[in-house]
Amino acid sequence: LGALGLPQDIAYLCHHHVGAKRYLCATVPGYQERLSEASSVTLQHQGGPMSPAEVAAADADPRWPLVLRMRRYDEAGKDPHAAATSPR
């Protein structure tokens, strides 16, 4: 994505989107069970929940909280019951 001209911070967030899912499955009780059927299937192809070593490496990255926040925003955008808001 960086090669396409997107800022490196944006490319970083996109690159770690799947990692955020794997992290949350490993660290948040019940998160994996709340995934859609399709997301549960892709999780297995993506390596499953992170290992403790992977979680520790993610936690050591100062940008990791932003990755998790972006993952939560993405999830909220898929909620059909969420209140619609204007970007303005």
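(A) Examining the layout of surface pockets more closely. The space that makes up the largest pocket amounts to roughly 310 Å³. What lines the largest pocket is a set of 13 residues, and nearest its centre among them are Tyr31, Leu35, Ser36, Arg71 and Glu75. Of the residues contributing to the lining of the largest pocket, the split by class is 3 nonpolar, 4 polar and 6 charged.

(B) Here's a closer look at the side chain of serine 39. With respect to the element layout, serine 39 can be found in helix H3 (residues 37-45). Here lysine 21 takes part through its side chain, which lies 3.1 Å from a polar atom of the side chain of serine 39.

(C) Local environment of the nonpolar core. Tyr23, Met50, Trp64, Val67 and Leu68 are the most contacted members of the largest nonpolar core, which totals 15 residues. Of all the elements in the fold, those that place two or more residues in this core are helix H1 (8-15), helix H2 (17-27), helix H4 (52-60) and helix H5 (64-77). It is H2 that contributes the most residues to this core, 4 residues altogether. Not counting residues up to four positions away in its chain, the partners in contact with tryptophan 64 are Tyr12, His16, Gly19, Ala20, Tyr23, Met50, Ala58 and Asp59.

Calculation rules
- Residues numbered from 1 in each chain as written.
- Predicted model: local features only at pLDDT ≥ 70, side-chain atom pairs only at ≥ 80, totals over all residues.
- Heavy atoms only, no water.
- 1 Å grid on protein atoms, 1.4 Å probe; cavity = no way out; pocket = protein on both sides within 12 Å on 5 of 7 lines; lining within 4 Å.
- Points joined across faces, edges and corners; volume = space filled by probe spheres on them.
- Nonpolar A, V, L, I, M, F, W, Y, C, P; charged D, E, K, R; others polar.
- Helix = DSSP H or I, 4+ residues; strand = E, 2+ residues; numbered from the N terminus.
- Polar contact = N/O pair within 3.5 Å; in protein donor to acceptor, adjacent residues only side chain to side chain.
- Core = buried A, V, L, I, M, F, W, Y, C linked by side-chain atoms within 4.5 Å.
- Buried < 20%, exposed > 50% of the residue type's maximum accessible area, 1.4 Å probe, protein only.
- Contact = heavy atoms within 4.5 Å.

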